[in-house]
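Here's the letter readout for the chains.
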Amino acid sequence: MAKVDMNSRLHNTANQYSRTIPTYKNNMNSNWQNFLTRHGATIEAGVVQRFGDPAAELTATAQGTVLCELSQFGTLRVSGEDAQSFLQNMFSNDIREAGDSHAQLSSLNSPKGRMLATMLIWRDGNDYLLQLPRALTEPIRKKLGMHVLRSKVKIADVSDEVISLGVSGAAAHELLGKLSGELPQQPHALIRIDQGSVMKISDTRFQINTNALHASTLWKTLCQHAQPVGSVCWDWLNIRSGIPLILPQTQEQFVPQMANFELIGGVNFKKGCYPGQEIVARMQYLGKAKRRMYLAHLDTPAYPGSSEKPQAGDELCSADMEGQASGMIVNATPAPSGGYDVLAVVQNSSRETQTVHWKSPQGAALQFLQLPYPLPSA
């Protein structure tokens with residue numbers, strides 16, 4: 001395989017999360033941005049790209065304990081006395097279960113049941129915080145605003161106020177234990193600390209939600225024991241965890257089950273109606289997803305002399321589909337060992353019987369890997 005420059009791979013991939021639609025505003029507190037820059041961060045379009053050597057950062061993410069500023073995500077604050085009922089009628093999960101001590105994954109879907117956005121939701125007092133890819137923050141704010149009507153609800157973009165830090169690695173639990181004393185025990189559980197909150201993603205991965213007042217102090221403390229890394233490293237961890245992020249290129253492409261969203265706690269089938277609910281429920285109880293999301297690896301470039309990179313929205317093909325796409329890449333990031341790791345929604349029959357290629361029959365073949373959770377049996 002031809003050698004691909006790691007700086008170029010990481011630079012192009014990180015920018016997928018901010019360049020796919022016009023940038024409405026730089027959602028990063030200027031003082032915080034200046035602090036990160038002084039501490040070695042390269043920031044482009046409001047997203048921390050790297051802290052020096054991208055290849056070393058990816059290796060550290062795979063093998064060590066790392067600290068990541070999660071500026072590839074934006075945050076919406078939904079407030080008002082009707083906030084809970086409003087969100088309950090909009091999202092795939094039961095918003096009543098999101099609280100001060102437990103976050104949840106959820107999706108906003110079209111009336112046809114197709115995902116418009118995925119997000120992480122938790123409460124801050126009586127308000128709800130919705131964290132989603134920053135390229136979709138403003139469009140989703142406007143989309144939700146169209147449904148407010150007479151409800152007593154306010155929706156504000158607070159991406160420059162809410163700062164999230166990710167800590168991952170074998171020493172993450174011990175490191176954050178010293179910071180907070182007690183840590184949450186279950187995935188997406190939260191505990192409050194003086195500086196904000198700590199959320200458990202997995203046994204080796206945590207997210208700290210804070211503000212500009214406390215972020216710099218936390219950063220100085222954490223980076224003594226964890227290597228700072230760029231946003232792509234956290235995106236790679238999400239891919240390896242089988243957590244999909246809907247981006248502008250993949251809006252309205254997948255029913256939640258296609259992206260395994262019900263398998264990771266993003267859908268509640270007992271709650272009331274929401275856009276697309278009937279279609280999502282019908283697939284769950286009366287049908288079967290003919291496509292599922294898989295974890296795979298791609299060696300690139302796919303063609304001699306090509307510098308093209310796999311990215312969200314790229315189509316996949318296989319011989320059995322007779323000229324039709326057999327799938328689509330959901331997310332893609334450079335892998336520590338070279339090439340790219342991807343999440344891809346693929347026709348189940350193609351996955352089982354065919355070689356699946358990126359973009360064309362001559363494109364790189366997907367090398368399927370094991371997801372960290374089981375898929376429903378065929």
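Residues numbered from 1 in each chain as written. Predicted model: local features only at pLDDT ≥ 70, side-chain atom pairs only at ≥ 80, totals over all residues. Heavy atoms only, no water.

Colleague: Got a sec to walk through the sheet that holds strand β8 (residues 154–157)? Specific residues and values, please.
Modeller: Spatially, the 5 strands line up as an open sheet ordered β5-β6-β7-β4-β8, and their pairing is antiparallel. Either end of the sheet is taken by a strand with one partner, and the two such strands are β5 (104–109) and β8. For this sheet, the mean angle separating the axes of adjacent strands, direction not counted, is 30°. Alignment of strand β4 (residues 73–79) against strand β7 (residues 127–133), held across 6 bridges, turns out to be antiparallel. Residue T75 lies in a different strand from β7, and its bridge partner there is Q131. (Pairing = 2+ DSSP bridges. Helix = DSSP H or I, 4+ residues; strand = E, 2+ residues; numbered from the N terminus. Axes fitted to C-alpha atoms, helices over the stretch in contact; angles between N-to-C directions.)

Colleague: Tell me about the pattern of salt bridges, and please be specific about residues and values.
Modeller: Opposite charge on two side chains permits pairing when their charged atoms draw close. Scanning the model with the defined rule gives 13 salt bridges in all. Residue D94 is joined to R96 by a salt bridge in which the shortest nitrogen-to-oxygen separation is 2.9 Å. Relative accessible area serves as the criterion here: at 7%, D94 is assigned to the buried category. When the shortest N-O distance is used, the salt bridge between E278 and R282 registers 2.9 Å. Taken together, the residues span about one helical turn, with E278 and R282 both in helix α10 (residues 277–285) at a distance of 4 residues. (Salt bridge = Lys/Arg side-chain N within 4 Å of Asp/Glu carboxyl O. Buried < 20%, exposed > 50% of the residue type's maximum accessible area, 1.4 Å probe, protein only.)

Colleague: Please provide a residue-by-residue account of empty space enclosed by the protein, values included.
Modeller: As enumerated under the stated definition, the model contains 6 cavities of 30 Å³ or more in all. The volume enclosed by the largest cavity comes to roughly 220 Å³. Surrounding the largest cavity, 17 residues form its lining, L105, L120, N238, I243 and L245 being those nearest its centre. Mapped onto the lining of the largest cavity, the elements with two or more residues apiece are β6 (115–124), β7 and α9 (231–240). (1 Å grid on protein atoms, 1.4 Å probe; cavity = no way out; pocket = protein on both sides within 12 Å on 5 of 7 lines; lining within 4 Å. Points joined across faces, edges and corners; volume = space filled by probe spheres on them.)

Colleague: How would you explain helix α4 (residues 54–63) if you had to name every residue and give the values?
Modeller: Among the residues of α4, those classed as buried are P54, E57, L58, A60 and T61. Along α4, the residues classed as buried sweep out an arc of 160° about the axis, all on the same side. (Arc of directions from axis to C-beta.)

Colleague: So what's going on with the nonpolar core? Which residues, and what values?
Modeller: Core analysis: the largest hydrophobic core is formed by 44 residues, its most contacted members being W122, M199, W234, F254, M293 and L343. Looking at this core, the elements with two or more residues in it are α4, β3 (66–69), β6, β11 (196–202), α9, β14 (291–298), β16 (327–334) and β17 (340–347). Dropping the residues within four chain positions of it, F254 is found in contact with G113, R114, M115, I246, M328, V330 and V345. Counting 26 residues, the second-largest nonpolar core is a separate cluster that includes V167, I191, V198 and A215. (Core = buried A, V, L, I, M, F, W, Y, C linked by side-chain atoms within 4.5 Å. Contact = heavy atoms within 4.5 Å.)

Colleague: Please give an account of the sheet that holds β14 that cites residues and values.
Modeller: Reading across the sheet, the 6 strands line up as β18-β15-β16-β17-β14-β19 and stay open at both edges, with antiparallel pairing between neighbours. Each edge of the sheet is formed by a strand with only one pairing partner; in this case those strands are β18 (357–358) and β19 (367–369). The strands that α9 touches are β14, β16, β17 and β19; relative to β16, the one it contacts most, it runs at about 135°.

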